[in-house]
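Letter by letter, the chains look like this.
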Amino acid sequence: MSAQQLRASSTKGNVERVRALLAQGVDANAVDARGNSPLKLAVANGHADVVDALLDGGASVDAVVRVAGLSAGAALFVAAAEVGSAAIIDRLLGALGAEQRAAALRESDASGWSVLHLAAKAGSAHLASLALGAGAPADAVVPGHGATALMVAVQHGRADVLGVLLAVPSAASLVEAADARGWCALHWAAQLGDEPIARALLEAASARALEACADGVGTPLMVAAENAHPAVIEALLARGARVDATDAQGWCALAIASGKGHAQIVSQLLGARADVNQAGTMSRRTPLMAAAQSGHAAVASLLLAARADANGADASGVSALMLSAKNGHAPLVGALLAAGARADAADAAGQTALVLNAKAGDVRIAALLLEHGAHADHVTAAGVSALVLAARHGHRELIELLIKAGTSHAGELLMRTAASAQMDVLLALVKAGGGMIDVDVLGSALLTAAAHGQRSAVSVLVNAGASVFKQDASGLSPLMLASGNGHVDTVRALIKASAPVNAPGGPGANTPLSLAARNGRADVVAELLRHGANVEWRGAGERAPDLLELAHEPQVKAQIVAERQRRALERELLSAKEEASARREKRRGKERANAKARGALEEVSHIASPRSPPREPGDDDADGADRTDEHAAAGAGNDVGRAAHALRSPGTPASATPAEVDALTALKRVPIDALARGTPAWDAAALGLVVAEPPSARAAPSCSSRARTAGSGAARRPPPSPARPPAARRPRRSPRSQHFLPSLPRTKILPAPAS
């Protein structure tokens, strides 16, 4: 417990408590589980008075557990340097012997960091001086990345340590020394932008350090230009740094600053007479191209004002305008065009600024280029146009702009995409083109899609207005091409779009079915037959073959034969149905004629309907029987019977209207049995035709008729009683009433006389 209290008091800097515990006999070198002794804890926390008390109380420097390969003394020195306590360092050094002290100051840890490196990192100029005085090498490097103590001091901004290191006789070589990346201390100062350190290094540096070129970075001036440190650039330029120096890739400081968009640095370098058109040794790119690629319009304006070449090109023929258009920098494109950049210039691959912009799809840039003379129809060496790229990447607005600009590649692109089923391109082209793409072009694309079996493309083109009746140069329709090539899905899509299944075309007046049968496309044949394809087809010419002669596949032949048999059976069934239907219609016609006759009889029955005379006791039996039957039928309300009685009655009732008189007159010319049966004679009378009875029928009446005529007369028949309204009578019906009419000879229908 007492040792723990000692360590705690050493950490907190409670010197009185430390002394009291030491006076009580607590061990000054007792360490905890982590190897921390009271002395180490006091040094790490910068408590110099506690360090003195512990050392006076018997604490040993060697009792400290070694850390990272350093000895106990070196570890304590480094710990004291980190807290910046020169007094603790001196007190620790006083506790060691001369040889032990010198050895500790020259030590390095397991990673190769020496006490000098650690002192430079911690910013302890006192410890650095002690290490150098003990013989620590100033040019020692850290294994792996090759950093010297001077570089470490620069990287951490330790100006006081830098002064100690630059005071050594080999300071110039220390400044020129490069690490594993090729960077010297001046590169690090240029990157960090520490002007005082940079100037201190420049005072000790030689001209060689100013021109030191690190791989991928270049000279310190380039590093300062890239990181936009104008003060360091000024110091470097004042010391004589070359403004036109280039790195391994051929970039100069002006090009690097232009690519980064540092307008102030660009202005500073241009003021130092930097070449505005200096091209890289490898890429041949200029500062203007570097600015254009990154879209730095302000920098480009400075360069153009300094007379940068707007039409300059790199080793691949790419200009600043192409780079800015490709990367979608519209303001810069406008500035370059205003400065005289050619809108139609092409690179080594034949790509213009418009073509390069088509992939990005910037409509503003495309419009600017077209206004300044860019060709919408330009095709690259690979056969790609701006329209193709715009459609491939789905830039609908750009497609519309290019079509309006008069590009002639819409049809070619449409057919190409239809054949290759590039649906994203096809959809974008169709949607963007809309009504601007000619219908004939759509039809040609439909032919291409059908021939290649692109069902999705067929559906898109049909919905866009392509005609399924379009024919190619040989007279073949889309359905014929799809059928002949065996694309059954495409055939279904075309039939769904109302493509004619039996339309002939091409040499020999072929049909889709004949082409499918010729090429043995059984699945297509089945689909066409299902939609009513003509199985009786025969080609044009006297010796033209029929389907069975064209078909070579047994399966196709079997399909055709089976379909012919099925359709023959259908025709027979249909004929039987038609005959049955005709008979039903004939029967219905007779029923309608009878209904018509009954309606007409009801119309005229009220003209003259005499009441049945009472039977007299003295009447002849035969004659009485006939009259009884006739009167019973008439009295029972039989329409035909009343009409027959009215027709036999001479004259016309005085109460009849003129229309009724005409109807009664016409009906008197019709045989009574015709009225009963609804024969064509009645129909002729209803149509106003005169029905004439043969003379023999009038000259030779039947015996019963003569008897009724002779025995009947006005004297024997009492006058009829006043007739009741037809609605008030309750006629009686006799089952024999339909047999009372006499048999009349066949009549002859004559045309009605002219009025």
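Our structure's up above, just so we're on the same page.
Residues numbered from 1 in each chain as written. Predicted model: local features only at pLDDT ≥ 70, side-chain atom pairs only at ≥ 80, totals over all residues. Heavy atoms only, no water.

Caption draft 1: The arrangement of the overall build of the protein chain in detail. The secondary structure content of the protein chain amounts to 44 helices and two strands. Counting across all 755 residues of the protein chain, residues that qualify as buried make up 44%. Restricting the contact set of the protein chain to residue pairs at least 6 apart, pairs at least 24 apart contribute 67%. Element-wise, carbon and sulfur atoms account for 51% of the exposed surface of the protein chain, whose accessible area totals about 36500 Å². (Helix = DSSP H or I, 4+ residues; strand = E, 2+ residues; numbered from the N terminus. Buried < 20%, exposed > 50% of the residue type's maximum accessible area, 1.4 Å probe, protein only. Contact = heavy atoms within 4.5 Å. Areas by Shrake-Rupley, 256 points an atom, 1.4 Å probe, with all protein chains shown as cover.)

Caption draft 2: Spatial organisation of the packing of aromatic side chains. A complete count under the given rule lists one aromatic pair for this structure. The interplanar angle of 55° and the centroid separation of 4.8 Å between the aromatic rings of W183 and W188 together place this pair among those described as tilted. In this structure, W183 and W188 share a single accessibility class: buried. Of note, K121 hangs over the ring of W113, and the distance from its end group to the ring centre comes to 5.6 Å. Note that R181 overlies the ring of W183, its terminal NZ or CZ placed 4.4 Å from the centroid. (Phe/Tyr/Trp six-rings, centres within 6.5 Å; stacked < 30°, edge-to-face > 60°. Lys NZ or Arg CZ within 6 Å of the ring centre and 35° of its normal.)

Caption draft 3: Quick look at the packing of helix α28 (residues 410–420) against helix α30 (residues 439–451). Where α28 meets α30, the axes come as close as 8 Å, and the angle between the chain directions of the two elements is 25°. Taken as axis vectors, α28 and α30 run roughly parallel relative to one another. For the crossing formed where α28 meets α30, the hand is right-handed. Residue-level inspection shows G411, L414, M415, A418 and A419 of α28 in contact with α30, the latter providing V441, L442, S444, A445, T448 and A449. In the contact of α28 with α30, the residues fall into eight nonpolar, three polar and no charged. (Axes fitted to C-alpha atoms, helices over the stretch in contact; angles between N-to-C directions. Parallel < 35°, antiparallel > 145°, perpendicular 65-115°, else oblique. Left-handed = near helix turned anticlockwise from the far one by under 90°. Nonpolar A, V, L, I, M, F, W, Y, C, P; charged D, E, K, R; others polar.)

Caption draft 4: Geometry of helix α20 (residues 287–294). Judged by how many residues are buried, α20 sits mostly within the fold: six of eight residues are covered. Here α20 has its buried residues at P287, L288, M289, A290, A291 and A292. Buried residues along α20 sit in contact with α18 (253–260), α21 (297–305), α22 (320–326) and α23 (330–338). Residue G295 follows α20 closely and has a positive phi angle near 75°.

Caption draft 5: A look at empty space enclosed by the protein. Within this structure, the stated rule accounts for two cavities of 30 Å³ or more. Space inside the second largest cavity adds up to approximately 30 Å³. Forming the walls of the second largest cavity are L210, E211, T219, L221, A241, R242 and A245. Its residues placed into classes, the lining of the second largest cavity shows four nonpolar, one polar and two charged. (1 Å grid on protein atoms, 1.4 Å probe; cavity = no way out; pocket = protein on both sides within 12 Å on 5 of 7 lines; lining within 4 Å. Points joined across faces, edges and corners; volume = space filled by probe spheres on them.)

Caption draft 6: A look at the side chain of T490. Tracing the sequence through the fold places T490 in helix α33 (residues 488–496). Not counting residues up to four positions away in its chain, the partners in contact with T490 are A450, G453, Q454, R455, V458 and A482.

Caption draft 7: Summary view of the nonpolar core. Counting residues in hydrophobic clusters, the biggest one holds 188 residues, and the most contacted among them are L201, L269, L369 and L461. No other element matches helix α5 (residues 72–82), which puts seven residues into this core. Residues in contact with L269, not counting those within four places in the same chain, are A225, I233, V243, A253, L254, A257 and A274. Listed in part, the five residues of the second largest apolar core include L447, L476, M480 and L481. (Core = buried A, V, L, I, M, F, W, Y, C linked by side-chain atoms within 4.5 Å.)

Caption draft 8: Local environment of the environment of V223. Here V223 lies in helix α16 (residues 220–226). Taking the C-alpha atoms as reference, V223 lies 8.6 Å from W188; in sequence the two are 35 residues apart.

Caption draft 9: Examining the environment of G58 more closely. Positionally, G58 belongs in the loop between α4 (48–56) and α5. Look at G58 and you get partly exposed, because its relative accessible area is 45%. The spatial distance from the C-alpha of G58 to the C-alpha of L22 is 8.9 Å, given a sequence separation of 36 residues. If we skip the residues at most four places from it in the chain, G58 touches A28 and N29.

Caption draft 10: A look at α30. Between the first and last C-alpha of α30 there are 18 Å, a value that for 13 residues agrees with the 18 Å anticipated at 1.5 Å per step. All of the buried residues in α30 are L442, G443, S444, A445, L446, L447, T448, A449 and A450. Lining the buried residues of α30 we find α28, α31 (455–463), α32 (478–484) and α33. Where α30 terminates, the next one or two residues include G453, which has phi positive at roughly 70°. (Expected span 1.5 Å × (residues − 1).)

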